[in-house]
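Single-letter residue listing:
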Amino acid sequence: MSINSKNFKNFSRLENILIIGNGGRENSLAWAIQKNVLVKKVFLIPGNAGSERINKCERIKIDINNKKELVEKLNFLKVDLIVIGPEIPLADGLADFLREKDFKVFGPGKDGAKLEYSKSWAKEFMQDANIPTAKFWKVNSLEEAKKIIHSTSIPLVVKADGLASGKGVFIPDSKEECVRATESIFNGKFGKSGDMVVLEEKIHGPEVSVFALCDGIKYILLPTAQDHKRLNEEDKGPNTGGMGAYSPAPLLTKNYLERIIKEIIEPTINELNKKNIDYKGVIYFGLMITKSGPKVIEYNCRFGDPECQTIMPLMDQSFVFLLEKCSMGNLTGSEKINTSNKVSGCVIATSKGYPHEYKTGFPIKIGKIDPNDCQIFDSGTSLGKDGELLTDGGRVLSIVCQDKDFDLVFEKAYKNLKEINFDGIYFRNDIGHQVRKNFFKES
Ligand code: AMP
Ligand code: GLY
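What comes next is a walk through the structure. It should be emphasised that the depicted structure is a prediction, and the values quoted were computed from it without experimental measurement.

**Here we look at the site of ligand 1**
Then, in step 1: Residues in close proximity to ligand 1 total 16 residues, the closest being Lys159, Glu200, Ile203, Glu207 and Glu298.
Then, in step 2: Between ligand 1 and Glu200, the relevant distance is 2.8 Å, taken from a nitrogen atom to a side-chain nitrogen or oxygen of the residue.
Then, in step 3: Contacts to ligand 1 include Glu201, whose backbone N or O atom sits 2.9 Å from a nitrogen atom.
Then, in step 4: For ligand 1, whose unbound accessible area comes to 470 Å², protein coverage reaches 91%.

**Quick look at the environment of Leu74**
Then, in step 1: Mapped onto the secondary structure, Leu74 falls in helix α2 (residues 67-76).
Then, in step 2: We classify Leu74 as buried; its relative accessible area is 1%.
Then, in step 3: Residues Leu74 and Gly216, 142 residues apart in the sequence, show an inter-C-alpha distance of 24 Å.
Then, in step 4: Dropping the residues within four chain positions of it, Leu74 is found in contact with Leu18, Val79, Ile82, Leu98 and Phe103.

**Considering the site of ligand 2**
Then, in step 1: In the region of ligand 2, the neighbouring residues are Asp227, Lys229, Gly241, Tyr284, Arg302, Gly304, Asp305, Pro306 and Glu307.
Then, in step 2: Here a nitrogen atom of ligand 2 sits 2.9 Å away from a polar atom, N or O, in the main chain of Asp305.
Then, in step 3: In this structure, a nitrogen atom belonging to ligand 2 sits 2.8 Å away from a side-chain N or O atom of Glu307.
Then, in step 4: Its free accessible area being 200 Å², ligand 2 has 90% of it covered by the protein chains.
Then, in step 5: The class makeup of the residues in the shell around ligand 2 is 2 nonpolar, 2 polar and 5 charged.

**Digging into the side chain of Asn27**
Then, in step 1: Within the secondary structure, Asn27 sits in helix α1 (residues 24-34).
Then, in step 2: Since its relative accessible area comes to 1%, Asn27 is described here as buried.
Then, in step 3: Reaching out from Asn27, the side chain makes a polar contact with the side chain of Ser51 at a distance of 2.8 Å.
Then, in step 4: Filtering out sequence-adjacent residues up to four positions away, Asn27 remains in contact with Leu44, Asn48, Gly50, Ser51, Ile54, Phe377 and Asp378.

Analysis parameters
- Residues numbered from 1 in each chain as written.
- Chains lettered and ligands numbered in written order.
- Predicted model: local features only at pLDDT ≥ 70, side-chain atom pairs only at ≥ 80, totals over all residues.
- Heavy atoms only, no water.
- Near = heavy atom within 4 Å.
- Polar contact = N/O pair within 3.5 Å; in protein donor to acceptor, adjacent residues only side chain to side chain.
- Areas by Shrake-Rupley, 256 points an atom, 1.4 Å probe, with all protein chains shown as cover.
- Helix = DSSP H or I, 4+ residues; strand = E, 2+ residues; numbered from the N terminus.
- Buried < 20%, exposed > 50% of the residue type's maximum accessible area, 1.4 Å probe, protein only.
- Contact = heavy atoms within 4.5 Å.
- Nonpolar A, V, L, I, M, F, W, Y, C, P; charged D, E, K, R; others polar.

Printed below as a string of structure tokens:
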């Protein structure tokens, strides 16, 4: 069944939606959800300074760790569906807790979130299900790591086992660097997240992000996306949370996507079932397209940021229904995602110094923005004493545009960026270079 406005009556009450999280990802989810005519309010805990610029949105000040107060507030607000954005509350079991209290929740329980919060567990999971991924070794001490590093001839990457805000992966150029990275993790660079280390074969190829909305058994795919992880143009510099993205990723042709479904997506969902994990949420497959085929680099238990900001404007108002169906375990798997026929691109504006140390609190000036198919989702902002918009994070704003081709998309995005200013603003000029036909002519 495809979801359209004619069969709205098939859905239960969806007036009040709650989103947990404070980034550009959560603002873009709110923006897509509020499009639905049935939705009256979208609450964000805690949201950021951009949240209340979005139609129907309201920020709620409450500590999600104060469980008693949280449940009382959600009951008072008559929340119909909860969407949990970031990995930390998912890894802490917030979805399990809220489900026990009879809320409908989009987001996996602690068992499903383990796909992201333990890299070694995820690697063993892939091994059990015969899912293509880089070779790996799980190590508990520096001595053990040194033995592997010195006895293998293949280049390795080094990863802290647990959550590390995207900073726990090292791509060393030599065995010495590999040892130093491992040592820094065991010396406590990431606290308990570094109690175990995963050494992985270094693989090569372009990376793509695939998102499956999953109801425990069935799933549907969102448009694919390509992120830009490195800080600087030409994919140089340190890894970041993501400096921009585009969607869909033309690299994944229909045939190739079918291969990914067969070799990776379906085996992942089958393995979750085999392990009795009732996964109701999004599975983010971070893939590398290697010469020998697609391989999983990582799983995440949440939407990607900035991929989510890029994909959400392609959704129509049935998006919230899909989230609800996942939360209730009643996807048919054949829902049509009514995406627009446009393509989308996002450029992230960051604070100077990101992903290392940076200062915040600089006023943001936004001039004349093209209103046609352009969105600005705040990623890290706050309001000053007089209500002025201030920088309040490493990634500050997500500038997102849609059009019929990627040249037009990024032309608009960069034109809008000229209208945005804050002290130390930084962004890459080459986001989408892979898909901009005019890129080489321009540069
Ligand atoms: P992760 O947090 O696991 O996604 O890793 C961050 C980034 O490190 C990925 O997006 C890749 O660019 C890179 N990376 C991770 N694992 C590997 C690997 N086995 N081989 C090559 N690059 C990798
Ligand atoms: N864009 C990468 C991530 O969300 O992990």
